[in-house]
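Results of the structural survey
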Amino acid sequence: MEYRSLGRTGIQVSPLCLGAMMFGAWGEPDHETCIKTIHTALDAGINFIDTADVYSQGESETIVGKALAGGKRDDVVLATKVHFQMGLPTDALPGAKGDPNQRGNSRRWIIQEVENSLRRLNTDWIDLYQIHRPDPDTDVEETLAALTDLQRQGKIRAFGSSTFPAHQMVQAQWTSERRGLGRFVTEQPPYSLLVRGIEADVLPVAQEYGMGVLPWSPLSGGWLTGGYRKDKDLPDSQRRNRMPARYDLSNPDNQRKFDAADALGALADEAGLPLIHLALAFVIQHPAVTAPIIGPRTLAHLESQIGAADVTLSTDILDKIDEIVPPGVTISRADQSYQPPALTDPFLRRRRTA
């Protein structure tokens, strides 16, 4: 594999990042099976692993820590994240409520939770510590100051953001410069053939500031695995069972995704590629992207994806992709995952009436 620099950090990472979201109660519950998948990825040349405290409420981090025991930790670039609610059952999904001080981007929570992540990961340092989502209740200066302190203490090597809108990425960079603080060196946005909205602003901003980009869900939640074709029965999956609204074809957005996935599958057939490889290669090939995050639940899932790192798409194929899903278009807003309060709280966009 040809390694790439993680933004301007000088850290070299593989062109695919192994995501550990599906290890534990959210996906594969057997730890030994997960560990075998991680070791297979390392043997294939992947040196970059991404997880988060919230994935199965810490269980994913614990599994990764077990997998990297016995001397493997030093050879891996290890990333995790903080923001979502902790202190819930392992199968709780983001959005569940608990102790309000066990979530968010405050100094209090970041300083406390990094210690929990270090313990679960069984390591003395985290290579990339990421803020999982924006927090409208916390000033970004407080977040950056806490992260800078952790970096100076050696507990984290670098830090980044995840699913931040472009204007908040710029705000964070400005705050870092004006206040003499460390800065976000990476952004982890949603990006796939069906979710291209970040091409308009997030990716150009990342390039402007020399940030690494680590796209999540490059297979668009399974829509780009090749199973969503008009000549096939819809596949059964844990994700579809847990979030049925994202796959309900009575929703016009989902129907449009289905139509696009089918057309992209036909294009992959024409190119002699599995749709999985077409989808991953598309993301890898964008000049702003460092490494997309693949999230296999099984060893078979990993093996079906890993070869995409060696695929290069021709200009002709890229042009045909643009005809199916135009640049900058996200078919379903729900796939952006984060919605700013200005959209979710009606009282932020309505004047009071008498």
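Residues numbered from 1 in each chain as written. Predicted model: local features only at pLDDT ≥ 70, side-chain atom pairs only at ≥ 80, totals over all residues. Heavy atoms only, no water.

Section: the overall build of the protein
In terms of regular secondary structure, the protein is built from 12 helices and 10 strands. Rg of the C-alpha trace for the protein: 20 Å, near the compact-globule value of 20 Å for 354 residues, within the 12% margin. Here the C-alpha coordinates of the protein stretch approximately 70 × 55 × 40 Å along the principal axes. Evaluated residue by residue, the protein yields a buried proportion of 53% over its 354 residues. In the protein, the proportion of contacts linking residues at least 24 apart, taken out of those at least 6 apart, comes to 78%. (Helix = DSSP H or I, 4+ residues; strand = E, 2+ residues; numbered from the N terminus. Rg over C-alpha atoms; globule rule 2.2 N^0.38 Å. Buried < 20%, exposed > 50% of the residue type's maximum accessible area, 1.4 Å probe, protein only. Contact = heavy atoms within 4.5 Å.)

Looking at the sheet that holds strand 9 (residues 212-213)
Across the sheet, eight strands lie side by side as 9-8-7-6-5-4-3-10; this open sheet has parallel pairing. Edge strands, defined here as strands with exactly one partner in the open sheet, are strand 9 and strand 10 (293-294). Taken together, the two bridges between strand 3 (residues 17-19) and strand 10 define a ladder with parallel strand orientation. By the bridge assignment, Leu 18 is partnered in strand 10 with Ile 294. (Pairing = 2+ DSSP bridges.)

Examining the pairing of strand 6 (residues 126-131)
For strand 6, a buried count of six out of six residues is recorded, marking the element as mostly surrounded by other parts of the structure. The sheet contact formed by strand 5 (residues 77-82) and strand 6 spans four bridges and is parallel. The residue of strand 6 that forms the bridge with Val 82 is Ile 131. Read as a crossover between parallel neighbours, the route from strand 5 over helix 3 (residues 107-121) to strand 6 is right-handed. The parallel pair strand 6 and strand 7 (residues 156-162), bridged by helix 4 (residues 140-152), forms a crossover whose chirality is right-handed. (Right-handed = clockwise from strand over helix to strand, strands pointing away.)

A short note on the packing of aromatic side chains
All chains considered together, the criterion is met by seven aromatic pairs. Seen from their ring centres, Phe 159 and Phe 184 are 6.0 Å apart, and the 85° between their planes marks the pair as edge-to-face. One end of the pair, Phe 159, is in strand 7; the other, Phe 184, is in the loop between helix 5 (166-179) and strand 8 (186-188), and 25 residues separate them in sequence. Owing to a relative accessible area of 2%, Phe 184 belongs among the buried residues under this scheme. Measuring from ring centre to ring centre gives 5.6 Å for Phe 164 and Phe 184, while their planes differ by 75°; the resulting arrangement is edge-to-face. Of the two residues, Phe 164 sits in the loop between strand 7 and helix 5 while Phe 184 sits in the loop between helix 5 and strand 8, which places them 20 residues apart along the sequence. Given the relative accessible area of 7%, Phe 164 is considered buried. (Phe/Tyr/Trp six-rings, centres within 6.5 Å; stacked < 30°, edge-to-face > 60°.)

Function-wise, these values are silent; they only describe arrangement.
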